[in-house]
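If you want the building blocks of each chain, they are given just below.
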Amino acid sequence: MIEKVIIKNFKSIESLSLNVDEDINIIVGDNEQGKSTILEAINLALTAYLNKRSIHNEISPFIFNRKTVNTYLNFLRDEKTVEPPKILIEVYFQENETVASLKGTNNSLKEDTWGISLSIELDEEFTEEYKEYIKNPNDINNIPIEYYTVKWYSFAFSPLTSRSNPVKCVLIDATEGKAWNGTERYISSIIGNTLDLKQRVALNVNYRDLKESFSSIDAIKDINTSLSSKTGEISDKGLSISLDVSQKSGWESHLTAYLDDIPFDLIGKGEQNSIKLKLSLETNLEDVHVILIEEPETHLSYTNMSKLVKQISEKCVGKQLLITTHSTYVLNKLGLDHVIFLNEGNTMTLKDLDEDTYNYFKKLPGYDTLRLILSEKAILVEGPSDELIVQKAYSQKYGRLPIEDGVDVITIRGLSFKRYLEIADKLSKNVSIITDNDGDIEKNITKKYGERYLNHPSISINYGIDENYRTLEPQLVKVNGVDFLNKILDVDYSTEEALIKYMTSPSKKSECAMQLFDSDEILKIPEYIENAIQ
C-alpha cells in the first residue's frame, strides 16, 4: 500500500507531499485544485502511462506546471543560469514482501525505503543541443521537450518496466470515454478485460470471419465489378472495396454496446457513466493493489449513486482506494474519516483537527463542511437573517449575488465559528466572519477568537463596535433610522426599542430580513458588514 506521494511540477501541481491511508482516501477540493492530477500522477508513476498511452508518447510542454515553466522562461530571458524544469513523481510504500525489491535511497528525501520514482527531465545526451537551443532565449516560448527523456526507476536504482513493477494500479474515469476514440472504445476495452482468453480469441475469429464474408454480398460484388472495369483509369491495379481485415482493425474499434436494443451512446449520461464504472469494477482486480476512481457521481441520481457506492465498497475490499468527488453523498457514505481536503497545495484531514473539532464535524452530515472547502471564498454568518442581509449588501455593492463571484455565504449554527476557522486556517482559505458583539466585545470577540484568528492573514472577524447595539437588527436600526425601516416593513413604531423588539421577535425575525432583502429601497449597511464583503 502507498504511504506517501510526492509530486513536483506536474500539471496544476507545483509541489505536493500527500500522506494517504492504506484503505480508503476521498480527495475533496474546488475545481482546479489538482484532485484529478493527483490520480493521474499516481497512475503515471505506477504504470508509466498517461491518457492510456505510454508516457514516452505523451510528453508535452503542457504537462509541466505552468508557473514553473514561466519562471524558467523568465530566468532565461534575464540571462540567469537555471536548470530546465523537471517533473518528478515519487510513490512511497509500506514495508511488504511484494515491494521488497524496491527498497533504496533513490528518492528526493534520501530515505532508505520502498518506492518508485518517475521523472521527465532533460536527456544528458542532448546537453550540447540544449545549450545551443537556449542561446537565443527571447525566441523560446516553451520547454524543448524534444531533448527530454523519461526515467522510471525503483528506489533501489533499478530501471522499471511494466513486467518488473510489482505494484499494479488501475485508473477508472467514466467521464473520459470521448477523449480516446469514443465511448465504444472505452466499453470495448472494459469488455475485453472482462472476457477470458478463450472468449477473446473466439470473438476475434468470428469478427474476422464476419468481415471477410462482407465481400461475398451480391451488392458488394456488383460494386467491385464496376470498380474493376475502371482499372487503368484510376490505377494499374484492380480496385475493390471490403472491410479492413488487418490485425490493426479489430472488434475493439468497431463494437458498439446496446442497452435494450438502444446504442450505448444514445442512452442517458447517468446510465452511461454508471455502466462504465460498474464494468470497470467487474474487470479482473485480483492482482490490482491500488484503485483510482475519478468522480464516480457524475450524472447519477441519489438512487444510482447509492448502488454504485455500495459496489465500490464491496469490490475494493482489500485494495487501496483513492477517489475524487464533489459529492457530499459519496463523502458521507464512504466516511468523513477518509477525506483529504485540498486547497492551493495545502492538504488536511479531519484527524489533523483538535479532538473536539474532529468529533464535531464527524457528527455533521458533511454538506456545510464541503461548502467551505469548495468555495473560493466564504462568509460565515450566525443565522438566516444575517445571510439575507449580507446577500442584500453584496448585490447593492456589486450588482450581483456573492455566489456569482465564488463567494459562499454559509450560516453556522450555534457557537461553531472557531471549528470552521480551524479548517480555514489549515487550508489557508479566505474566510470572513460576521458576528454579533452581544454587548461585550472583550468576552465575545477578543477572548473568543484571540490572537490566532483576530490577526490571521486569510481570516477576518467583523462585528459592530457599539456595544449598545448588540446584534444585527439593532445595527440596522442604528444606521437606517426608524422611519425608513417602518416604511419598508410596513409598520409604525415610534422608538428604536419598539422597532428592535418587533424585528427580533422569533415570529418576525426571518420575515423582516426577507422584506429588507426584497425591497427596492437602498438599504444602509452597517460598517462591519461592508468591511466583510470588501
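Engineer: It is not clear to me how the nonpolar core should be interpreted in this structure. Could you clarify?
Structural biologist: Taken as a class, soluble globular proteins show a tendency for nonpolar side chains to be buried jointly. In this structure, Leu 46, Phe 93 and Ile 120 are the most contacted members of the largest nonpolar core, which totals 53 residues. Top element by residues in this core is helix H1 (residues 35-47). It accounts for 7 residues. Residues in contact with Leu 46, not counting those within four places in the same chain, are Ile 2, Val 91, Phe 93, Ile 116, Trp 152, Asn 165, Val 167, Cys 169 and Val 290.

Engineer: Even after reading the chapter, I still don't get unusual backbone geometry, so can you show me in this structure?
Structural biologist: For residues that are not glycine, phi is negative in most cases, and the peptide bond is trans in most cases. Although it is not a glycine, Lys 52 adopts a positive phi angle of roughly 65°. Phi at Lys 110 takes a positive value of approximately 60°, unusual for a residue other than glycine. Structurally, the position occupied by Lys 110 is in the loop between strand E7 (103-104) and strand E8 (113-122). Look at Lys 110 and you get exposed, because its relative accessible area is 65%.

Engineer: What should I look at first to understand empty space enclosed by the protein in this one?
Structural biologist: Take a probe with the size of a water molecule and roll it over the atoms, and the empty space left behind shows itself. In total, this model carries 1 cavity of 30 Å³ or more according to the counting rule given. Its volume calculated, the largest cavity comes out at about 30 Å³. Forming the walls of the largest cavity are Ser 385, Ile 389, Glu 473, Leu 476, Met 503, Lys 509, Cys 512, Ala 513 and Leu 516. Put simply, the parts of the chain that give the lining of the largest cavity at least two residues each are helix H12 (384-398), helix H15 (472-480) and helix H18 (509-518). Broken down by element, the lining of the largest cavity gets its largest block of residues, 4 residues, from H18. Residue composition of the lining of the largest cavity, grouped by class: 6 nonpolar, 1 polar and 2 charged.

Engineer: Even after reading the chapter, I still don't get the pairing of strand E20 (residues 459-462), so can you show me in this structure?
Structural biologist: Remember that side chains alternate between the two faces of the sheet whenever the strand is regular. In this structure, strand E19 (residues 430-434) lies alongside E20, joined through 4 bridges in parallel fashion. The residue of E20 that forms the bridge with Ile 433 is Ile 461.

Engineer: Mind showing me how you'd approach the environment of His 338 here?
Structural biologist: Within the element layout of this structure, His 338 appears in the loop between helix H9 (328-334) and strand E15 (339-343). For His 338, a relative accessible area of 19% puts it in the buried group. Each C-alpha atom, one on His 338 and one on Thr 349, is 7.7 Å from the other, the two residues being 11 residues apart in sequence. When neighbours within four sequence positions are excluded, His 338 is seen to be in contact with Asp 23, Ile 24, Asn 25 and Ile 26. A distance of 3.3 Å separates a polar atom in the side chain of His 338 from the backbone oxygen of Ile 24.

Engineer: Any chance you could explain the environment of Ile 379 here in plain terms?
Structural biologist: Relative to the helices and strands, Ile 379 is located in strand E17 (residues 377-381). By relative accessible area, Ile 379 is classed as buried at 3%. Residues Ile 379 and Ile 434, spaced 55 residues apart in sequence, show a C-alpha to C-alpha distance of 7.2 Å. Among residues more than four places away in sequence, those in contact with Ile 379 are Val 390, Val 407, Asp 408, Val 409, Ile 410, Ser 432, Ile 434, Ala 532 and Ile 533.

Engineer: What am I meant to see in the pairing of E19 here?
Structural biologist: Most of E19 sits out of view: 4 of its 5 residues are buried. Here E17 pairs with E19 via 4 bridges, running parallel. Note on E19: the bridge partner recorded for Leu 380 is Ile 433.

Engineer: What exactly am I supposed to notice about the sheet that holds strand E16 (residues 346-348) here?
Structural biologist: Strand order in the open sheet formed by 6 strands is E10-E13-E14-E3-E15-E16, with mixed pairing between adjacent strands. The two strands at the open ends of the sheet, each matched to only one other strand, are strand E10 (169-172) and E16. With strand direction ignored, the average angle separating the axes of adjacent strands in the sheet is 20°. Summarising the sheet, strand E13 (residues 290-294) and strand E14 (residues 320-324) pair through 5 bridges and their orientation is parallel. Bridging across to E14, Leu 292 finds its partner in Leu 322. Taken strand by strand, H1 contacts strand E3 (24-29), E10, E13, E14 and E15, and its axis lies near 150° from that of E13.

Engineer: Is there a simple way to think about the sheet that holds strand E18 (residues 407-411) in this case?
Structural biologist: Within a beta sheet, neighbouring strands are joined by backbone hydrogen bonds and run either parallel or antiparallel to one another. Taken together, the 4 strands give an open sheet; going across it, the order is E18-E17-E19-E20, and neighbouring strands pair in parallel fashion. Only two strands of the sheet have a single partner each, and these edge strands are E18 and E20. Neighbouring strand axes in the sheet, compared pairwise and without regard to direction, differ in orientation by 15° on average. Sitting on the sheet, H12 touches E17, E18 and E19, and the angle it makes with E18 is about 160°. Against the sheet, helix H14 (residues 441-454) contacts E19 and E20, and its axis sits at roughly 160° relative to E20.

Engineer: How should I be thinking about the packing of aromatic side chains in this particular structure?
Structural biologist: For any pair of aromatic rings, the description consists of the separation of the ring centres together with the inter-plane angle of the planes. Enumeration according to the criterion identifies 6 aromatic pairs in this entry. Summarising the aromatic geometry, the rings of Tyr 133 and Tyr 147 are spaced 6.0 Å apart at their centres and angled 85° between planes, so their arrangement reads as edge-to-face. Highlighted residues: Tyr 133 in helix H3 (residues 127-133) and Tyr 147 in the loop between H3 and strand E9 (148-154), separated in sequence by 14 residues. Overall, Tyr 133 belongs to the partly exposed group, its relative accessible area being 31%. Look at Tyr 394 and Tyr 398: their rings are 4.6 Å apart centre to centre, the planes differ by 45°, and that puts the pair in the tilted class. Taken together, the residues Tyr 394 and Tyr 398, both in helix H12 and 4 residues apart, mark about one turn of the helix. In this structure Tyr 394 comes out as buried when scored by relative accessible area, which is 6%. The class of Tyr 398 is partly exposed, set by a relative accessible area of 27%. The rings of Phe 126, Tyr 133 and Tyr 147 are connected pair by pair, giving a single aromatic cluster. Against the face of Tyr 92 rests Lys 4, its NZ or CZ located 5.0 Å from the ring centre. Between Lys 80 and the ring centre of Phe 75, over which it is positioned, the NZ or CZ distance is 5.1 Å.

Rules behind the numbers
Residues numbered from 1 in each chain as written. Predicted model: local features only at pLDDT ≥ 70, side-chain atom pairs only at ≥ 80, totals over all residues. Heavy atoms only, no water. Core = buried A, V, L, I, M, F, W, Y, C linked by side-chain atoms within 4.5 Å. Buried < 20%, exposed > 50% of the residue type's maximum accessible area, 1.4 Å probe, protein only. Helix = DSSP H or I, 4+ residues; strand = E, 2+ residues; numbered from the N terminus. Contact = heavy atoms within 4.5 Å. 1 Å grid on protein atoms, 1.4 Å probe; cavity = no way out; pocket = protein on both sides within 12 Å on 5 of 7 lines; lining within 4 Å. Points joined across faces, edges and corners; volume = space filled by probe spheres on them. Nonpolar A, V, L, I, M, F, W, Y, C, P; charged D, E, K, R; others polar. Pairing = 2+ DSSP bridges. Polar contact = N/O pair within 3.5 Å; in protein donor to acceptor, adjacent residues only side chain to side chain. Axes fitted to C-alpha atoms, helices over the stretch in contact; angles between N-to-C directions. Phe/Tyr/Trp six-rings, centres within 6.5 Å; stacked < 30°, edge-to-face > 60°. Lys NZ or Arg CZ within 6 Å of the ring centre and 35° of its normal.

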